[in-house]
Amino acid sequence: MSNEKIPLRKDVPQEFKWDLTKLYKTESDWEKDLSKIPEFTKKFVEFKGRLSESSDTLLKALKADDELSLLVEKVYHYASLMNEADQSESENQERYNKVMMAYTQMSSQCSFFTPELLAIDDKKINAWCELPEFADYKISIKKALHAKPHILSEKEERLMALQSESGQTASNVFSLLNDVDMNFGTVTVDGQEKPLTHSTWSNFEENQDREVRKDAYTKFYKVFDSHANTLASLYAGSVNNDIFIARARGYNSSLDAALYGDKVPESVYRNLIETVHKNLPDLHRYYKLRKKVLGVDELRHYDVYVPLVKSVKSHVTYEESVEICRKAMAVLGKEYTDTLCGGLLGGWCDRFENKGKHSGAFSSGCYEGYPYILLNYDEDTLRDVYTMAHEVGHSMHSWYSVHNNPFSCYDYTIFEAEVASTFNEELVFQYLLKNAKDDEMKKYLLAMRANDILATLHRQTMFAEFELKCHESVENGTPLSTESIRKIYRELLEQYFGPEMHFEKESDMEGLRIPHFYNAFYVYKYATGISASLALAKRVTEGGDREREDYFKFLKSGGSRYPIESLKIAGVDMESTEPVQAALDTFRDLVDQLEKLL
């Protein structure tokens, strides 16, 4: 779809949109389910004060909880997807707000459950968990028991539930400001005015004309700079909310709170940063090579995305991209590729950009309906083939999880999710490199892969370090301000990019435009994910049936194991620094090849 004119949502052909009728055929069906939430909540609340009566009572309560949770998940999912597809439509905002209000009310009434569950004598509840009828709930109960030290009293849990909606204010306001209210203007390319948006931004930054890149960069960041104080206040509010929750629940820190539920040791997070720091000379060498190849006196921040190989252009239609995914992932078997392609060409995916649509891409599935994918696919951007592979990796993970687990433990962690997505990216790279039509395309792909690993491993680690520094600043008694946030980010820019890079006055505003920062300590999982996926992709492509089946055991495990454990079953130990170092070694090898070729 052309970026010349960004269409309104109503003007996008139906076959390019996701099929939400798998959730609800009509709006009235959704309204009916929304209205059922109080009824289902009341049915569940009838078990209040009775959970320890008998194993039968607890089992009935767990089934009532499943019934309520399935309903709420489905109602929320539909409203969320409608809103993400067009945030400028007031009906979508109203629908989303309705379900969030219903969710908050439901959560406050159901807040008795976890404290009461954990109040049951350990010997008794552990014995109940071994009964055959508890097979579907054993894992979720064990995970609840793991959280026991940080569960509050019933009254306190009710207050935490009531606070959850207001706690999303900073994130919601940022999303509206970023995706709807901001207008970045236009950029002139070959004498034509083209709209500058979140989706077209990458196209302009990859343009071989340096003036186009500079113009797009300057206009883009000046808009963010004009909202600097608002954006800084929103992010500071989000950090303060993270710290409030961590302290209220008795965690050692906000980082501890973020990692505890997944049983991920803090050493995994800190070792990632330390290992990347040790290997920064290879990253600096890459930027030195980039400066030389581009032939510029000073390397600027708007020079970091333009392809190093100038002569290669690409045009890959959406359908062609699907076929690339099919062939690249053939090693995983026909069931995998048939399901994947059927979804991408069927109702899973919302394909192209429209006004008001959420920027970027994501996969979002629930127990019912499809594992939906949002894209803003651009046929002239080869990287969007990788984006498709990435997001469908998430969705296939969800597909296998749903089909191999009960509702109570189908939902896998984000830590695991970023493995399946970047695993698929690596397979696409290997396929495209093997089938490159000439040496120029090979150089182009190698350069792109180096840039993509950099973006996922080095860049996300820099983001992770930024989040850690901001949270630790407040936890150590120094509040965040516009100036301090920008200072922290600028220092990291200079450390990671090295001496060859020259930054603009507005460059540090990048730290205040990243949506993922409103989901604290999330981005490090991209870096650990690609480290694990590179190891697993090598293991599967060079191995046989056993190695492939080990990978499928990981995909099928859903939320039935903690992430470190499920990855060990797949064949990689993330408590060791070896996978991260091996991924950094892969990047170093790519830089070595590029130095020889370019």
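Along each chain, residues carry numbers from 1 onward, in the same order as the chain's sequence is written. Since the coordinates come from a predicted model, pLDDT governs what is reported: local features require at least 70, and pairs of side-chain atoms require 80 or more to be given and counted, while whole-chain, interface and lining totals use all residues. Side-chain measures here rest on the full set of heavy atoms in the structure, leaving out hydrogens and waters.

### Things to note about the state of the cysteines
Here is step 1 of the chain: The definition used for a disulfide is geometric: two cysteine sulfur atoms within 2.5 Å. Summed over the entire model, instances satisfying the criterion amount to zero disulfides.
Here is step 2 of the chain: Looking at cysteine 341, it has no disulfide partner, and the nearest cysteine sulfur is the one in cysteine 325, 7.0 Å off.
Here is step 3 of the chain: Unpaired in terms of disulfides, cysteine 409 finds its nearest cysteine sulfur in cysteine 129, a separation of 12 Å.

### Observations regarding empty space enclosed by the protein
Here is step 1 of the chain: Buriedness of a pocket was judged along seven lines, with at least five required to meet protein on both sides within 12 Å; pockets are open sets of points on a 1 Å grid over the protein atoms alone, cavities are sets where a 1.4 Å probe fits but cannot get out, and lining residues have an atom within 4 Å of a point. Grid points are joined across faces, edges and corners, and a volume is the space filled by probe spheres set on the points. A full pass over the atoms with the stated rule returns three cavities of 30 Å³ or more.
Here is step 2 of the chain: Each pocket or cavity is described by its volume, and for the largest cavity that value is around 90 Å³.
Here is step 3 of the chain: Residue lining of the largest cavity: Glu206, Arg290, Tyr305, Val306, Pro307, Leu308, Arg383, Tyr444, Ala447, Met448 and Asn451, and that is the complete set.
Here is step 4 of the chain: Per the convention used, a helix needs a DSSP run of H or I reaching at least four residues, while a strand needs a run of E reaching at least two, with both numbered from the N terminus. If one sorts the elements of the lining of the largest cavity by residue count, helix α19 (residues 439-475) sits on top with four residues.
Here is step 5 of the chain: Residue polarity follows a fixed list, in which Ala, Val, Leu, Ile, Met, Phe, Trp, Tyr, Cys and Pro are nonpolar, Asp, Glu, Lys and Arg are charged, and the others, Gly among them, are polar. When grouped by side-chain class, the residues that make up the lining of the largest cavity number seven nonpolar, one polar and three charged.
Here is step 6 of the chain: Each pocket or cavity is described by its volume, and for the second largest cavity that value is around 70 Å³.

### Focus on the environment of valine 331
Here is step 1 of the chain: Positionally, valine 331 belongs in the loop between α15 (318-328) and α16 (334-345).
Here is step 2 of the chain: Taking relative accessible area as the criterion, valine 331 reaches 30% and is therefore assigned partly exposed.
Here is step 3 of the chain: For the pair valine 331 and arginine 548, spaced 217 residues apart in sequence, the C-alpha separation works out to 8.2 Å.
Here is step 4 of the chain: Beyond its immediate sequence surroundings of up to four residues, valine 331 is in contact with Leu427, Val540 and Arg548. To sort residues, take the accessible area from a 1.4 Å probe on protein chains only and compare it with the maximum for the residue type: under 20% means buried, over 50% means exposed, and anything in between is partly exposed. Between two residues, a contact is recorded if the distance between any of their heavy atoms is within 4.5 Å.

### With respect to the sheet that holds strand β4 (residues 349-350)
Here is step 1 of the chain: When DSSP locates at least two bridges between a pair of strands, those strands are taken to pair. Spatially, β4-β6-β5 is the arrangement adopted by the three strands of the open sheet, whose pairing is mixed. One side of each edge strand has no neighbouring strand; the edge strands of this open sheet are β4 and β5 (362-364).
Here is step 2 of the chain: Of the strand pairs in this sheet, β5 and strand β6 (residues 372-374) are connected by three bridges, and their pairing is antiparallel. Looking at β6, one finds that serine 364 is bridged to tyrosine 372.

### Section: the packing of helix α8 (residues 169-181) against helix α11 (residues 228-248)
Here is step 1 of the chain: To get an axis, fit a line to the C-alpha atoms, keeping to the stretch in contact for a helix; angles then go from 0 to 180 degrees between the N-to-C directions. In the contact formed by α8 and α11, the axes pass within 9 Å of each other and the chain directions differ by 150°. Accordingly, the angle class assigned to the pair α8 and α11 is roughly antiparallel. Viewed along their axes, α8 and α11 form a crossing whose handedness is left-handed. Together, Ala170, Val173, Phe174 and Leu177 of α8 and Thr230, Leu231, Leu234 and Ser238 of α11 make up the contact between the two elements.
Here is step 2 of the chain: Residue classes in the contact of α8 with α11 are distributed as six nonpolar, two polar and no charged. Roughly parallel means an angle under 35 degrees; roughly antiparallel, over 145; roughly perpendicular, 65 to 115; everything else is oblique. Should the near helix be turned counterclockwise from the far one by less than a right angle, the crossing is left-handed, whereas a clockwise turn marks it as right-handed.

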